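The lines below spell out each chain.
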Amino acid sequence: MTEHSNQLSNFHGGLKLSGHKTMSITSPISQAKIPAKVIIPLHQHIGDSGELLVKTGDKVLKGQPLTQPTSYVSAPVHASTSGTITEITEHKIPHPSGLSAACVVIETDGKDEWIELTPVKNYQQLDATDLRNIIRHAGIVGLGGAAFPTAVKLNPGPTHTIETVIFNGAECEPYITCDDMLMRERADEIISGIQISLHVLNSDNGIIAIESNKPEAIGALKQAIKKNNTTNIKVISIPALYPTGGEKQLIKVITGKEVPSNGLPADIGAVVQNVGTMAAIHQAIHFGKPLISRIVTITGKGVKKPQNLDTLIGTPMSELISQCGGYKENADHLVMGGPMMGFTLTTDQLPIIKGCNCLLVESSDDQQTQRRVMPCIRCGECARVCPATLLPQQLYWYASSKNFDKVQDYHLFDCIECGCCAYVCPSQIPLVQYYRFAKTEIWNLERDRQKSDHARIRHDFRQTRLEKEKQEREERLRKKKEMLAKKKQENPETADKDPKQAAIEAALARVKEKKEQAGINPKNVENLTEAQQKLIEEADSRRQQSKVE
Amino acid sequence: MLFKTASSPHQNQAITVDQVMQKVLLALIPGTIAAIVFFGWGVFINIIIASLTALTCEALMLVLRNRPVKPYLTDGSAIVTACLLALALPQLAPWWLTVIGTAFAIIFAKHLYGGLGFNPFNPAMAGYVVVIISFPREMTQWVPPLIEGYTHLNFIETFKLIFTGIAPDRFSWDAITMATPLDTLKVQLGLELSINDIHQHKTYGPLFGSLSGVGWEWINGLFLASGIWLAYKRLIDWRIPAGVLGMLFFLSNSFALYDYASFTPPSFHLFSGGIMLGAFFIATDPVTASTTRKGRWLYGMGIGLLIFIIRTWGGYPDGIAFAVLLMNMAAPLLDYYTMPRAYGHQWYEIPGYHKEDQDE
């Protein structure tokens, strides 16, 4: 296994950031305590939330599914420990909106009793679809933060051939060390998960990309590769430059190719998976364990003992903080994720979810508390550091003036919100906030447009239908008139009469004709007596008379 | 406990607009000192007048525009404008001329367009153009360098002259003021004298140093040095001065090679007048310049081209202000057509190219 760092390319811009990583790697990964209750949001991933399988009062075991996926892009959630469901309710979730969502609250029994597990004996004998199904039902999603269902990502479809499978251990955001610690301590699990993924993707080899500032992790993985006599996986050390761990940037660094705008990595034959996800796949296939825990970095200058905790999904954040010695006096901001792309939380009474890689407690001296926003002086530093080669100052200009057409001309939707531009901005403008605003506004406009399009199409359809009916009616009327006119030409004498009278006469004539044809004649008229004959005649004359009358 | 919220990123680097301005001011110091050393106290007095005017106008406009006064007044941008303008004016410019130029720069060119960050034209150069067009005679009140054979004024005399217009009894006006070497060269070349003749001339000869004019070469050399420092610190983009100076060198060198007797040599072009101040401090004003890499090259080269044209064939001895303002106008267009190819996009998707054309 040699490093091919000389063959690496680079992406535009980027930032050399100070890592702040050492504070949370002084101790090995510890097990977080089982909390008194776990709060498991039903929707923790990109895609649809599943269908609820349990009800209040149910006793659940560790690993028992609480939902089942309802659509293709979906993932189930599982009970992360054994206990009783006390309520299924709206609870605050860690989301930028600060809103609440449906959660299952489990009062734990402390036994941590597993449901019966069914490991796969020999995964190589299973085909890709079966393995994907196991991964899907294990609720595995991308653990790098985006939480996209892994089974979907492992299915590039028949039209794509995957040439490069990249396993992302870059971890370029400052402060976060959960992948680093995982790679150091559980390299074997990662390698095992990678083998399964390569099998599923029908790919011959994989590349593990790690930033050069993590020599221990690189060493541990190389060791694991050697130990397992693996030849199809290589470890590549990539330069530490934020955001090299971004999917598009990493693909550029490793392959030199760019994911087309609006496209997917699979379009250029690449797939990127987080290393933590690989360890989860290993657990799911070899032990049958669903994704019920993850490693979370609790760090920052506002927390007493920064460290990495192997945490059950649904554990309240406050429990983790207290396990880390609690807040310092100057704790100021609580961020989920890293300092560059994470979002602030207003409270720590929130559950850990699958996508939560880091809890960053910033102290009051971290943040520039007196952030004085000045006008943009168009210095262009933002454009210099933008890893998507955009012109952030133009985007800002058009986003703030709500010129949503122009802002798209400047490729707003290629912005990955990495925050490099805002980091270097001498005017301290919260640029990313403007881009998020513009994106949301455009999505809203798009939705409104689709709605109005739909309504217009329906309206147009109705109009055409009414028009058609009207035309058909007129056509019928016209035909009838024509027919009458034709008749009038054919027999002028009948036509002269009142049409009603003519119709009656015609009908009578028809009846008469029918009668004659059917031969409706008096029956039993033979061999009559004279008296009988007379009676008949009388009756006939009466009938005749009444007819005349 | 409840935490504060903020938008990501949650950390940023320390440098602020104020610090950028402060560093630019710092970088102006060596060249300014050289100007004072070679051309007397007038330079210093002009800077003080311009700065006071700029701060007053800035405060006034901020109040009128209902903007917070303190953060904007202390950002340093008004002082930078004032210094750049003052350094471009003749050393003995009357006080009211400096006041008018600066006031126009701050009130009209800066604040009426929306203040810091929104002005399409370089305020200092807009102010300069107003005074050079309105008061051409006063704009020729340059002094000869402080070398033997020429008259010198002390601080008091300079002060009096600037504020009252009264020259000290011992000198006549003609003895005090003198055209700049750049102007001299231009006028004399126009009179069919060769470069060599002018250098040998008994009146003008001593004005010329080894590169350009006496004193001017020092001022320009020091502005060049501190400009390189600014570029190294990435407070300005090196592409703009490189474009200006590269273009000016290329053109002046080509013409001098073609006819060395009647075209100014590149060494003279690059070290006379306000060229280094213009290239490193004025053209690089980010607000009014192009923002893309290619755009900045073109913007710089455009300024270099215009300076050469105006200096060689135009009606003014130095053309920096006009060149900069003309290219300011072109900046939005340059920005649009030099948009870089974004990640995941094809080169033909950038403006100016149309995919349909390619497909046909």
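Owing to the predicted nature of the structure, the values given are computational and were not obtained by experimental measurement.

Now for the domain arrangement of chain B. Reports of interface size often rely on the accessible area that becomes lost once the parts have come together. Residues and elements named next belong to chain B. Domain parsing of chain B yields domain 1 (16-177) and domain 2 (180-337). The distance between the C-alpha centroids of domain 1 and domain 2 comes to 20 Å. The interface is formed by 33 residues belonging to domain 1 together with 28 residues belonging to domain 2. Surface buried jointly by domain 1 and domain 2 totals about 2700 Å² across both partners, of which 83% is contributed by carbon and sulfur atoms. The three residues of domain 1 that bury the most area against domain 2 are Ala27, Asn122 and Met125, which together make up 17% of that side's buried surface. Taken together, the links from domain 1 to domain 2 amount to 0 salt bridges.

All names here are of chain A. For Gly13, the position within the fold is in the segment before strand S1 (30-31). For Gly13, a relative accessible area of 23% puts it in the partly exposed group. In this structure Gly13 touches Leu241, Arg384, Val385 and Cys386, once residues within four positions along its chain are discounted.

The interface is formed by 68 residues belonging to chain A together with 44 residues belonging to chain B. Summed over both partners, the interface of chain A with chain B comes to about 4900 Å²; 53% of that surface belongs to carbon and sulfur atoms. For chain A, the biggest contributors to the area lost against chain B are Ile377, Arg378 and Tyr423 of chain A; these three give 14% of the whole. Summed over the shared surface of chain A and chain B, the result is 3 salt bridges. Counting across the chain A and chain B interface gives 21 residue pairs in polar contact (both at pLDDT 80 or more). Breaking the side of chain A that touches chain B down by element, the ones donating at least two residues are helix H6 (247-255), strand S14 (331-336), strand S15 (343-345), helix H9 (381-385), helix H10 (392-400), helix H11 (404-409), helix H12 (420-424) and helix H13 (431-490) of chain A. Residue contributions to the side of chain A that touches chain B peak at 5 residues, all from S14 of chain A. Considered class by class, the residues forming the side of chain A that touches chain B number 31 nonpolar, 21 polar and 16 charged.

All names here are of chain A. The strand order across the open sheet built from 4 strands is S2-S7-S6-S4, with neighbouring strands paired in antiparallel fashion. One side of each edge strand has no neighbouring strand; the edge strands of this open sheet are strand S2 (37-41) and strand S4 (59-60). In this sheet, strand S7 (residues 100-108) lies alongside S2 in antiparallel orientation, the contact comprising 5 bridges. Directly across from Pro41, in S7, lies its bridge partner Cys103.

Moving on to helix H1 (residues 128-137) of chain A. Residue and element names in this part refer to chain A. All of the buried residues along H1 are Leu131, Arg132, Ile135 and Arg136. Here the buried residues of H1 occupy an arc of 140° about the axis, which is enough to place them on one side. Close packing links the buried residues of H1 with helix H2 (150-153), helix H4 (187-201) and helix H7 (275-286). Just downstream of H1, Gly139 is the residue with a positive phi angle, here 70°.

Glancing now at the pattern of salt bridges. All names here are of chain A. With the rule as written, the count across this model stands at 27 salt bridges over all chains. For Arg384, the salt bridge is made with Glu381, and the minimal N-O distance between the two is 3.0 Å. Taken together, the residues span about one helical turn, with Arg384 and Glu381 both in helix H9 at a distance of 3 residues. A residue is classified by how much of its surface remains accessible, and Arg384, at 29% relative accessible area, is partly exposed. Taking relative accessible area as the criterion, Glu381 reaches 14% and is therefore assigned buried. The residue Arg456 makes a salt bridge to Asp453 at a minimum N-O spacing of 3.1 Å. Here Arg456 pairs with Asp453, and both are found in helix H13, just 3 residues apart, close to one helical turn. Arg456 gets classed as partly exposed once you look at its relative accessible area, which sits at 46%. Of the residues examined, Asp453 reaches a relative accessible area of 23% and is grouped as partly exposed.

Criteria and cut-off values
- Residues numbered from 1 in each chain as written.
- Chains lettered and ligands numbered in written order.
- Predicted model: local features only at pLDDT ≥ 70, side-chain atom pairs only at ≥ 80, totals over all residues.
- Heavy atoms only, no water.
- Domains from an automatic or database assignment.
- Contact = heavy atoms within 4.5 Å.
- Buried area = accessible area lost by both parts, 1.4 Å probe.
- Salt bridge = Lys/Arg side-chain N within 4 Å of Asp/Glu carboxyl O.
- Helix = DSSP H or I, 4+ residues; strand = E, 2+ residues; numbered from the N terminus.
- Buried < 20%, exposed > 50% of the residue type's maximum accessible area, 1.4 Å probe, protein only.
- Polar contact = N/O pair within 3.5 Å; in protein donor to acceptor, adjacent residues only side chain to side chain.
- Nonpolar A, V, L, I, M, F, W, Y, C, P; charged D, E, K, R; others polar.
- Pairing = 2+ DSSP bridges.
- Arc of directions from axis to C-beta.

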